[in-house]
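Residues per chain are reported as follows:
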Amino acid sequence: MLLSRLALAALFLLAPALARPADAQGAKDFGAELAVKVVNKSTPEICAERDNVELDFVSPQVRHMEVQAVHPAFIGMIGKDRWAPDFSACNMPHSEGALPRKTFFESPTLWLTGLTDPNFWRPTDIPIKVGDRVEKGFAYIQLWLLSRERAEEVLALYPADGNWRIRPLPYGDMRWTAYGSSFQIGPLEIQNSPAGPRPVVAIKDIAFDPAAKAFTLNFARGGAAKVTLKQVDQDHIALDVDYSGAMPDNLPFAALRSMYTTETNADVARIGWREQGGKGWNETSVMSFPGASATELWAGRVAPSRHNLSAPDMIFSHFLP
């Protein structure tokens, strides 16, 4: 009986979106899941600080998806974490030091802070509205939540190029865990940067609803998306993404961006995916991934890495019309 209860508890933690009661937004019809096209645009790279992994998600039918970050399978084995940047094989300029930070929303359990960076490669004048307050000029914003009597940063959004990073609350007795892969939500296009062409989601403006923990993004190309923090705990963090319509010009509706140099120096080294009607998962290395028609995709690591050791795995799923 005890073993059965433990098994049920483990299932409850590892499959929260399926096992837990529906939230205030109401239950989704996950039986209507769509298969979306996943295009692998990853390229070889020796610099551990350059995002050379790119997976684009394409479907004109998708109006909803879920994005999760889940602690890696080896998280409980970490004795000493590693997260310092590795520029040893990079010929790119870099700087260190804290950026100016401003808190522009605060409640007893939730904070929004913005950081300014005059050297950011794209203009940072995207309006960010919270209630009647509008802020501009942030290279990225951070969402902090109160957990175990201290503030934990669980989400970062770069308004100028549409990149997001998310992470669960620290696992077990750990005081901190690393960010890893980033992702983009909205019509993905390519723009030139000082480092060469880069994928960008051009955002017109952002509104944040503290009560719903939801960001509404209006895109420069038209259309919008609502990104809601659905759940967060010491195992995972889940975002619900609802789109107002199809992406213009059949552009990707989302993308994963990450880095890979070797199996033991990567934020993403392996890809797993489910095909519609498939009897099991497909798995391969990220650089060998041929692309797929997938109803769910996992991107992560099965072996510890020298880069961002505690960084989470990423899961894209629940693609719905």
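Quantities reported herein were computed from a predicted structural model and do not represent experimental measurements.

Criteria and cut-off values
Residues numbered from 1 in each chain as written. Predicted model: local features only at pLDDT ≥ 70, side-chain atom pairs only at ≥ 80, totals over all residues. Heavy atoms only, no water. Buried < 20%, exposed > 50% of the residue type's maximum accessible area, 1.4 Å probe, protein only. Helix = DSSP H or I, 4+ residues; strand = E, 2+ residues; numbered from the N terminus. Pairing = 2+ DSSP bridges. Phe/Tyr/Trp six-rings, centres within 6.5 Å; stacked < 30°, edge-to-face > 60°. Lys NZ or Arg CZ within 6 Å of the ring centre and 35° of its normal. Salt bridge = Lys/Arg side-chain N within 4 Å of Asp/Glu carboxyl O. pLDDT = per-residue confidence, 0-100. Contact = heavy atoms within 4.5 Å.

Which residues make up the pairing of strand β17 (residues 236-243), and what values do they have?
Consecutive residues of a regular strand have side chains that alternate between opposite faces of the sheet. Across the 8 residues that make up β17, a large majority, 7, are buried. The pairing of strand β3 (residues 64-70) with β17 spans 7 bridges and is classified as antiparallel. Residue pairing in the sheet places V67 in a bridge with L239 of β17. Across 7 bridges, strand β16 (residues 224-232) lies against β17 in antiparallel orientation. Counted as the bridge partner of T228 is D240 from β17. The antiparallel hairpin formed by β16 and β17 contains 3 residues in its connecting segment.

Tell me what's going on with the packing of aromatic side chains, and back it up with residues and numbers.
In this structure the tally under the stated criterion is 13 aromatic pairs. Their ring planes at 25° and their centres at 4.8 Å tell us that Y140 and Y158 sit as a pair that is stacked. One end of the pair, Y140, is in strand β8 (residues 140-147); the other, Y158, is in strand β9 (residues 150-158), and 18 residues separate them in sequence. Take Y140: its relative accessible area is 18%, and that puts it in the buried class. Look at Y158 and you get buried, because its relative accessible area is 18%. Aromatic side chains F183 and F316 sit 6.3 Å apart centroid to centroid with 85° between the ring planes, which places their arrangement in the edge-to-face category. With F183 in strand β11 (residues 182-185) and F316 in strand β25 (residues 313-320), this residue pair connects regions lying 133 residues apart in the sequence. Each member of the pair F183 and F316 is classed as buried. Of the aromatic side chains, those joined through ring pairs into one cluster are F57, W164, F183, F208, F215, Y243, F253, F316 and F319. Of note, R122 hangs over the ring of W121, and the distance from its end group to the ring centre comes to 5.8 Å. Geometry around Y179 places R167 over its ring, the cationic atom sitting 4.2 Å from the centre.

Please provide a residue-by-residue account of the pattern of salt bridges, values included.
Following the criterion strictly, the structure yields 13 salt bridges and no others. A salt bridge links D56 to K41; its shortest N-O distance comes to 3.2 Å. Remark: K41 occurs in the loop between β1 (36-40) and β2 (53-58) and D56 occurs in strand β2; sequence separation between them is 15 residues. Across the pair R221 and E189 runs a salt bridge, and its minimum N-O distance is 3.1 Å. Note that R221 is positioned in the loop between β15 (214-219) and β16 and E189 in strand β12 (residues 189-193), a separation of 32 residues in sequence.

Lay out the confidence of the model for the protein chain in plain terms, naming residues and giving numbers.
Across the protein chain, the average pLDDT comes to 88, with 86% of residues at 70 or higher. This stretch, residues 1-27, has a pLDDT under 50; its non-local contacts, to residues over four places away or in other chains, come to 24 contacts.

Describe unusual backbone geometry, naming the residues involved and giving the relevant values.
The backbone of E149 shows a phi angle near 70°, a positive value even though the residue is not glycine. Relative to the elements of secondary structure, E149 occurs in the loop between β8 and β9. Here E149 falls in the exposed class, since its relative accessible area comes to 80%. The phi torsion at D249 lies on the positive side, around 55°, for a residue other than glycine. Considering the arrangement of structural elements, one finds D249 in the loop between β17 and β18 (254-258). You can call D249 exposed: its relative accessible area is 63%.

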